[in-house]
Amino acid sequence: MALLETVEHAVKGPIWDCRMCGQCVLHSTGMTCPMTCPKTLRNGPCGGVREDGNCEVVPTMRCVWLKAYDRKERLPLLPSWRRHFDDLRPPVDNRLKGTSSWRNLVTGRDRETPDGWPDAAPHVAEV
Amino acid sequence: MSILEERLTAGTFVVTAELPAVDGGGLDAVRRHVDPLRPWVDAVNATDNTAAHAHASNVAVAIALLRLEVEPILQVVCRDKNRLALQADIMGGALHGVENVCCLTGDDVTAGDEPETRRVFDLDSPQLVQVATGLGQGRYVSGRTIEAPPHLFVGAVENPFTHPLPGRVDRAWKKARAGARFLQLQIGYHPERLGAFMVEATRSGLAARTAILPTICLLPGARGLRFMDERVPGISVPAGTIERVETSSDPREAAYDLALQQARHALDLPGVAGLHLVTFRRDDAVARLLTDLSIPPHAERLPPNAHSPALVHP
């Protein structure tokens, strides 16, 4: 089964700097991987973005969430993807690190959340 | 119900303040900072390793505030602890009667004096708001039930002064939907950005759902402004603003005037439910600032708040 992981990383690594979190949300984050944010924030930028738009932690890097915000407006994304941008994404399931998000998407494993986390309830109507 | 919740839901103007970080000196050190604030503020923030420097813990300081009969706001940041520890802190504070919880992402460890430490960020701040809200509703993240859950009043912070500027209200909304009932805003020196944020927050209904408190920072002089500009993540100070204070014949007074102008500007904006004050050990300036703004001591403040309507129950 490691083959799928290897293929996934070979495809997504060079394009999105994929960190293999195993629960991919690229479609709802303007095709920008939130795991490349040094704080691994999955729900938008922190308050530390620099005046030039660069990252608080890595001053030479543009804020990942600024990129996401721009791309969400600019890229030809499915309308439903764009609408999911402001959804509350659940905390990362650390057990999925290193596993294939493709397999987890097909099996639905990537959408499983702990019982105390409210069911995904997008604030805007689905398409 | 906390005083903060009671007042904000009734539409009474509220003033909160940040307690300077506490290290040594025992309870007397806390008392020294609290006494000048006591007549003026409704609640005081017990900070959580501000600017990524270790200090007496947020929970311990919040309990100290309770012992000194001042209402605490427990700040909780995502940088230092995982979700188990964050839940334990909120529940631990609540065990002693700490109801107000303010959730932040937190400055990165590289902003502090121990940059070699491991950063955690197991949760982000909107997730932490959701987790705290869940605790108040009687469940841990796992789903495990809390018998006789604590009553919590959950809030967050937003920075209307940094990029992406149009996205800041959206992010504040995300926190509001996760359960944030109040927002203490980041310190900032671009009044037009605060203005745009408050106008949109009011237009979109955010300000009626979550009480928004702009922050006013009382600095001792131009050096503090320069420090903010160069060292504090997410804060930029226009060169002209620093220069105006620096070249003044009395920089201390000029820094006070800057804070007073900022406060007056904030009070003229729609949707402002109160002010949050950061004093940088100028605790005595709080009385002067609020007097100059014609804001009475907290015992004399009554609803309705001229600036903002009562909060709508979600």
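One structure accompanies this document, and this report is about it.

Reading the values: the criteria
- Residues numbered from 1 in each chain as written.
- Chains lettered and ligands numbered in written order.
- Predicted model: local features only at pLDDT ≥ 70, side-chain atom pairs only at ≥ 80, totals over all residues.
- Heavy atoms only, no water.
- Helix = DSSP H or I, 4+ residues; strand = E, 2+ residues; numbered from the N terminus.
- Rg over C-alpha atoms; globule rule 2.2 N^0.38 Å.
- Pairing = 2+ DSSP bridges.
- Axes fitted to C-alpha atoms, helices over the stretch in contact; angles between N-to-C directions.
- Contact = heavy atoms within 4.5 Å.
- Salt bridge = Lys/Arg side-chain N within 4 Å of Asp/Glu carboxyl O.
- Buried < 20%, exposed > 50% of the residue type's maximum accessible area, 1.4 Å probe, protein only.

The next subject is the overall build of chain A. Each helix and strand in chain A was counted, giving four helices and zero strands. Counting from the amino terminus, helix and strand elements in chain A follow one another as α-α-α-α. Taking 127 residues into account, the globule formula puts the C-alpha radius of gyration at 14 Å, and chain A, at 15 Å, falls close to it. On the principal axes, the C-alpha backbone points of chain A span a range of 45 × 35 × 30 Å.

Moving on, we get to the sheet that holds strand 8 (residues 215–217) of chain B. Backbone-to-backbone hydrogen bonds pair the strands of a sheet. The strands run either parallel or antiparallel. Residue and element names in this part refer to chain B. The nine strands lie next to each other as 7-6-5-4-3-2-1-9-8, forming an open sheet whose pairing is parallel. Pairing within the sheet leaves two strands with one partner each, and these edge strands are strand 7 (211–213) and strand 8. Pairwise comparison of adjacent strand axes, ignoring direction, gives a mean angle of 25 degrees for this sheet. Direction of pairing for strand 3 (residues 72–77) relative to strand 4 (residues 100–104): parallel, over a ladder of five bridges. Directly across from V77, in strand 4, lies its bridge partner L104. Sitting on the sheet, helix 4 (residues 83–95) touches strand 3 and strand 4, and the angle it makes with strand 3 is about 175 degrees. Against the sheet, helix 11 (residues 251–267) makes contact with strand 8 and strand 9 (274–278), and its axis sits at roughly 170 degrees relative to strand 8, the strand it touches most.

Across all of its chains, the model carries 25 salt bridges over all chains by this definition. Between E51(A) and R193(B) there is a salt bridge, with its nearest N and O atoms 2.8 Å apart. Of this pair, E51(A) sits in the loop between helix 1 (2–16) and helix 2 (64–74) while R193(B) sits in helix 7 (residues 191–203), placing the two residues on different chains. Close ionic contact of D70(A) with R62(A) constitutes a salt bridge, the shortest N to O distance being 2.9 Å. D70(A) sits in the partly exposed class, given a relative accessible area of 32%. A residue is classified by how much of its surface remains accessible, and R62(A), at 35% relative accessible area, is partly exposed. Counted as one network, the salt bridges with shared partners bring together D93(A), R95(A), R109(A) and E112(A).

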